[in-house]
Amino acid sequence: MRIRLNKILRKGKAMYLAYDQGLEHGPESDFNDKNVDPNYIIDIAKKGKYTGVVFQKGIAEKYRQEIKKSKVPLIVKLNGKTNLFKGEPISRQLCTVKEAVKLGADAVGYTIYIGSDYEDEMLQEFSKIDREAGKAGLPTVVWIYPRGKSVKGKNKKELMAYAARTGLEIGADIIKIRYEGGIADLKWAVKSAGKTKVVVAGGVKKDEMELLKQVKEIVQAGCIGLAIGRNVWQHKNPLEITKKIKRIVWK
Amino acid sequence: MRIRLNKILRKGKAMYLAYDQGLEHGPESDFNDKNVDPNYIIDIAKKGKYTGVVFQKGIAEKYRQEIKKSKVPLIVKLNGKTNLFKGEPISRQLCTVKEAVKLGADAVGYTIYIGSDYEDEMLQEFSKIDREAGKAGLPTVVWIYPRGKSVKGKNKKELMAYAARTGLEIGADIIKIRYEGGIADLKWAVKSAGKTKVVVAGGVKKDEMELLKQVKEIVQAGCIGLAIGRNVWQHKNPLEITKKIKRIVWK
Amino acid sequence: MRIRLNKILRKGKAMYLAYDQGLEHGPESDFNDKNVDPNYIIDIAKKGKYTGVVFQKGIAEKYRQEIKKSKVPLIVKLNGKTNLFKGEPISRQLCTVKEAVKLGADAVGYTIYIGSDYEDEMLQEFSKIDREAGKAGLPTVVWIYPRGKSVKGKNKKELMAYAARTGLEIGADIIKIRYEGGIADLKWAVKSAGKTKVVVAGGVKKDEMELLKQVKEIVQAGCIGLAIGRNVWQHKNPLEITKKIKRIVWK
Amino acid sequence: MRIRLNKILRKGKAMYLAYDQGLEHGPESDFNDKNVDPNYIIDIAKKGKYTGVVFQKGIAEKYRQEIKKSKVPLIVKLNGKTNLFKGEPISRQLCTVKEAVKLGADAVGYTIYIGSDYEDEMLQEFSKIDREAGKAGLPTVVWIYPRGKSVKGKNKKELMAYAARTGLEIGADIIKIRYEGGIADLKWAVKSAGKTKVVVAGGVKKDEMELLKQVKEIVQAGCIGLAIGRNVWQHKNPLEITKKIKRIVWK
Amino acid sequence: MRIRLNKILRKGKAMYLAYDQGLEHGPESDFNDKNVDPNYIIDIAKKGKYTGVVFQKGIAEKYRQEIKKSKVPLIVKLNGKTNLFKGEPISRQLCTVKEAVKLGADAVGYTIYIGSDYEDEMLQEFSKIDREAGKAGLPTVVWIYPRGKSVKGKNKKELMAYAARTGLEIGADIIKIRYEGGIADLKWAVKSAGKTKVVVAGGVKKDEMELLKQVKEIVQAGCIGLAIGRNVWQHKNPLEITKKIKRIVWK
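Reference entry: report on the structure contained in this document. (Residues numbered from 1 in each chain as written. Chains lettered and ligands numbered in written order. Predicted model: local features only at pLDDT ≥ 70, side-chain atom pairs only at ≥ 80, totals over all residues. Heavy atoms only, no water.)

Quick look at the overall build of chain A
Definition in use: Counting from the N terminus, the helices are DSSP H or I runs at least four residues long and the strands are E runs at least two residues long. What the globule rule says is 2.2 Å times the number of residues to the power 0.38, and the radius of gyration is computed from C-alpha atoms. Burial here depends on accessible area, computed with a 1.4 Å probe over protein chains only, as a share of the maximum for the residue type. Under 20% is buried, over 50% is exposed, and the range in between is partly exposed. Working rule for contacts: check all heavy atoms of both residues, and any pair within 4.5 Å makes them a contact. Reported accessibility uses the Shrake-Rupley method at a 1.4 Å probe radius. Residues are deemed covered only where the shown protein chains occlude them. The positive count covers Lys and Arg only, the negative count covers Asp and Glu only, and His and the chain ends enter neither. To locate a charge, the coordinates of NZ of Lys, CZ of Arg, CG of Asp or CD of Glu are taken.
Regarding its fold elements, chain A presents 12 helices and 10 strands. The C-alpha radius of gyration of chain A comes to 17 Å, within 12% of the 18 Å expected for a compact globule of 251 residues. The dimensions of chain A, computed from C-alpha atoms along their principal axes, are 40 × 40 × 40 Å. Within chain A, the fraction of its 251 residues that count as buried is 64%. Summarising the internal contacts of chain A: among those between residues at least 6 apart in sequence, 73% fall at separations of at least 24. A total accessible area of about 9400 Å² is found for chain A, and carbon and sulfur atoms account for 51% of it. Placing the 49 positive and 29 negative side-chain charges of chain A at their respective mean positions leaves the two points 7 Å apart.

Okay, structure coming up:
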């Protein structure tokens, strides 16, 4: 079936509101009394006209009506883990493509930690998801992060390009990578990704000036946009910062 | 299928009689000549009008007639382990959702040790159970306990909120957590759980005054109730303590 | 389907002739020129009117005609291992319930080493067997032995009760445990097993007086009988000792 | 289905030409310019009227016409490994029973290293093969070798009997063991194997006198014959040595 | 189904353009601004009339139209890994035979690291692929490389022959090995491979004279050709070097 990529793009650009931090980092590290509530996020996504909002299955299920009403495209993250376990990173599939479809997903997300002792298992698990998503016409958005003891001390810029390339080779439609190094490095990563589209992760909350400068570079490097979370929903005025970012992404 | 959550709630509140200690702790540590007998527990659950009684498959099977006659809603615990093995905690599925349905279950239970080396396997196994339970319309009650060498020395209040949030993210209908810290910490945990309901584990037998004080805090924090075992069936008068707790839970 | 437990009981009592030592211990340690031959065992089982004889699939297959002719109920042991591997004990399923049915089995046996690093895998594998046996109406007889480095130095009497309780919790119809401690300890184990019936393992060959004293205690403790091997087929007169034991078991 | 054992026996005796050394040992250690060619082996098997020739799936496939034309019964070895990996021995299934049937197999072979850390996995994998082979009416020929760090320093004669007994207990039709100790030890092993038939492995190339002496003992001990490889196809005149051995095996 | 080997041969000879380095080595180590683009490779393969071009599923998918138009036979590599993980090599299946067929593959590729701690898993995974490819009539091209701590310090010429033989034993149609030692060693490897055809890996970029000398030896040793990547697409004039190599391969 033809992949319906346009559902999560607008004029070929993308801006996703990421909200899987509750599982990945825990409420203590990232949330406050407002943003701990998924409805707060759905509201930002709706008013900010994001091209997608990223939830784990549990939230997609329990807040299904609210998500539906918001009309924001839904990206269901299919794997996840807490940050408690201190060994080599492994994040397993917790939601099937079929379940995601039932939950109204427009795309599915998956994280792969390349370099981890469990890289092979995540690559293989993703390959099954990609197969099923392809049959359902759903795009795959893949978080690719070099991680684990094998990558300690390696050149982060090279790893960024390697992550991007891995996305192309394994068949991801969109990959989400961390921005490392300068704009030339990111350009090389985008080039390495070939026809696979690239979005950059927002990462930890940063100074607004710095953030907006980064967004410009991201766009100049050829990325289609961002998958951003904390920099928006930890912001005192999420819609204001959203507007500023969008102005850059959509020129 | 619509989840029939009301079967294990009364006016939105819950009080479950937990009795999986035979497998989890062994008869020596928790049982006496009376409470070693499942019929003693069924009797308390019935007369105390509990909104659910928790059994492993074996007891649900062998005491099926007695449970049925008691009319207490049945929560079948789908995984379990002894406390003998000293390595990282792993508790695997020992009963299918289909078997639980045949045994007359109104809900299924599952334990996840987040932070364990095997967290990923339990999260994934639960995700399959959640899928099947959803199809059968059965609510999932998930025991979520931070455990294993990776969580040693971590802040217990933060872990409590993390456990609660994990329940929401993975799609649990009700989560059972241990009460750590004060009422403000528990409130934060309940908030982190969003639309997933929270019950608190009774834990080891404690002084009655202390227990009832805790129950009040649990209710004030926004939990729907308790899953209690030893504090009831190790009590010299289980129905008396039951009555006192119920008075607090149902105002 | 209703479990046909009566096929392997006589007036509610049981005496099984165990013969899985060829795989579990090797011919050198337990066999002589006579008892190395399965036909010798079938003959004792027949003439001694045992309520069951325990074989691995291979013997059940190759000596099928002889077993059938003997009319002794057949208990096929579904898992097994040699005693050569020195690591944590793990015994995997080598025969399916379906195969056992084809071989004419009246019950299926399975060993679980609680406390082993692989406890979880055996508990889970048994749970599948129990499910399938239940559908076929076959009783499950479960050898439950605390074993492995985690149980080193633990109180054996408590472990005996824990083993018995585990049998009840996981749905075994009959459990086979080792007799540790005194008659009061065994009574507690039997009580812990609830509606799951208990047989005691004969263990290594012992003095006849001691054996018969033990049999008396076993019966007094509430066990339904024994699963005995070496004390019978290593005996110079297996039928004579059989008769003496039976006199105690069936009053 | 009835096992067609006669296809790989002649008057109840057997002589198999083993040729899995290419995978198990590598060409360097065992082959020369002649015997590196599977056709050379097929030719010996044909002219020497062997009751079976043992190949891995790859050779059985690529030399199918030649094997068929030779009319030598085909035993397809279902598992295999190189000798490069230095850890605990594990040899996994590389060919299904169904594939073997398509390749025209008259029997299937499988190797189990008892005592290895992976003994449990090989025992279990064999149990599935045995099940499927049984349905297809194909005999199973099982190489059983005590191996791995757990068996270091153990009594080899006792291990030989243990290997033989294991074959009976797990349902092998024919087992192939190494000859250790004297004729009395081998007799005990054959007796331990009960109704399971025993063939002895030829092992490394040895002096002709010594080989023929061994063959005599093997026959006297009650084995049905040999599975021989290097002693034949490394011999300067394979058909001559074949003739000498056959004279002993078939009296 | 009959294996359609001729689709990836011309007059019995082969020259494959390998391009899985993006995943296996990363863009940093092997690519420049030109050859990072799959279209550059497709163009070389087309104009150079290669008998096959090797891609991972992702590239085969995203550049499907371009590949189709080029009419170069497509070999889809079914497994892969990054070079980041520093432990024992394991490369798992990321694309099914069915997917490869849909992508228009004329053959499927798979890498096996013999000697690795995971050799058994790759041998077994390949055996399933071989089965499915056989049903679809697709040839299997197997990269066989001795790798891992167990092969450290071993004789590379012997390992080359062992790799070749392994290919035959497991049923590969074509194997790709590294050229080690001299022409006599390669001849022995080709002989060890029997009816399985051998191509040699081009390896790291080398001096043109040296490369062409090697190609001559490869052909003289009886190989059917090469699977070459870096020596072509890192060359300043890929079509010129292609022409020179082809002249040798096709006499």
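Now that the structure has been shown, the text picks up again.
Focus on the arrangement of the chains
The two units chain A and chain C never meet; even their closest C-alpha atoms stay 19 Å apart. Looking at chain A next to chain D, you find no contact at all, with the nearest C-alpha pair sitting 19 Å apart.

Looking at the interface of chain B and chain A
Interfaces are frequently sized by the accessible area removed from exposure as the parts join. To be explicit about the condition: Reported buried area values correspond to the accessible surface (1.4 Å probe) lost by two parts on association, with both partners' losses combined. Any Lys or Arg side-chain nitrogen located within 4 Å of an Asp or Glu carboxyl oxygen qualifies as a salt bridge. Pairing of N or O atoms within 3.5 Å defines a polar contact, subject to two protein rules: one partner must be a possible hydrogen donor and the other a possible acceptor, and residues neighboring in sequence count only if both atoms are side-chain atoms. Residue polarity follows a fixed list, in which Ala, Val, Leu, Ile, Met, Phe, Trp, Tyr, Cys and Pro are nonpolar, Asp, Glu, Lys and Arg are charged, and the others, Gly among them, are polar.
Every contact between the two is made by 34 residues of chain B and, on the other side, 37 residues of chain A. Contact between chain B and chain A buries roughly 3000 Å² in total, counting both sides, with carbon and sulfur atoms accounting for 57%. Taken together, chain B and chain A are joined by 6 salt bridges. Between Lys57(A) and Asp130(B) there is a salt bridge, with the nearest N and O atoms lying 2.8 Å from each other. Summed over the shared surface of chain B and chain A, the result is 20 residue pairs in polar contact (both at pLDDT 80 or more). Among the secondary structure elements, those contributing two or more residues to the side of chain B that touches chain A are helix H7 (119-136), helix H8 (156-170) and helix H9 (183-192) of chain B. Looking at the side of chain B that touches chain A, its residues break down into 10 nonpolar, 10 polar and 14 charged.

Points about the interface of chain D and chain E
With 37 residues of chain D at the interface, the matching set in chain E holds 34 residues. Interface area lost by chain D to chain E is led by Lys62(D), Leu84(D) and Phe85(D), which between them contribute 23%. Viewed at the interface, chain E and chain D are joined by 6 salt bridges. One salt bridge in this structure joins Lys195(E) and Glu66(D), with 2.5 Å as the shortest N-O distance. At the surface where chain D touches chain E, the tally comes to 20 residue pairs in polar contact (both at pLDDT 80 or more).

Overview of the relation of the copies chain D and chain E
Applicable threshold: Fitting of the copies onto one another was done by least squares over C-alpha atoms, counting residues only where both copies have pLDDT of at least 70.
Under the fitted operation, chain D is carried onto chain E by 0.0 Å of movement along the axis and a turn of 72°, and the coordinates agree to an RMSD of 0.0 Å. Given the turn and translation reported, the copies of this chain are related as if by a five-fold rotation axis. Among all residues of chain D, the minimum C-alpha distance to the rotation axis is found for Glu121(D), at 11 Å.

Points about the packing of aromatic side chains
Applied cut-off: For this analysis, a ring pair means two rings from Phe, Tyr or Trp (six-membered ring only for Trp) whose centres lie within 6.5 Å, classed as stacked if their planes differ by under 30 degrees, edge-to-face if by over 60, and tilted for the remaining angles. Cation placement over rings: the criterion is NZ of Lys or CZ of Arg within 6 Å of the ring centroid and within 35° of the ring normal.
In total, this model carries 25 aromatic pairs over all chains according to the counting rule given. Summarising the aromatic geometry, the rings of Tyr110(B) and Phe126(B) are spaced 5.9 Å apart at their centres and angled 40° between planes, so their arrangement reads as tilted. A residue pair is termed long-range when its members are at least 10 positions apart, and Tyr110(B) in strand E6 (residues 107-114) and Phe126(B) in helix H7 qualify at 16 residues. Residue Tyr110(B) is classed as buried on the basis of its relative accessible area, which comes to 1%. Taken together through their ring pairs, the aromatic side chains of Tyr19(A), Phe31(A), Phe55(A) and Trp233(A) make up a single cluster. Sitting above the plane of the Trp143(C) ring, Lys77(C) keeps its charged end 4.7 Å from the centroid. Over the face of the ring belonging to Tyr63(C) we find Lys195(D), whose NZ or CZ atom lies 4.7 Å from the ring centre.

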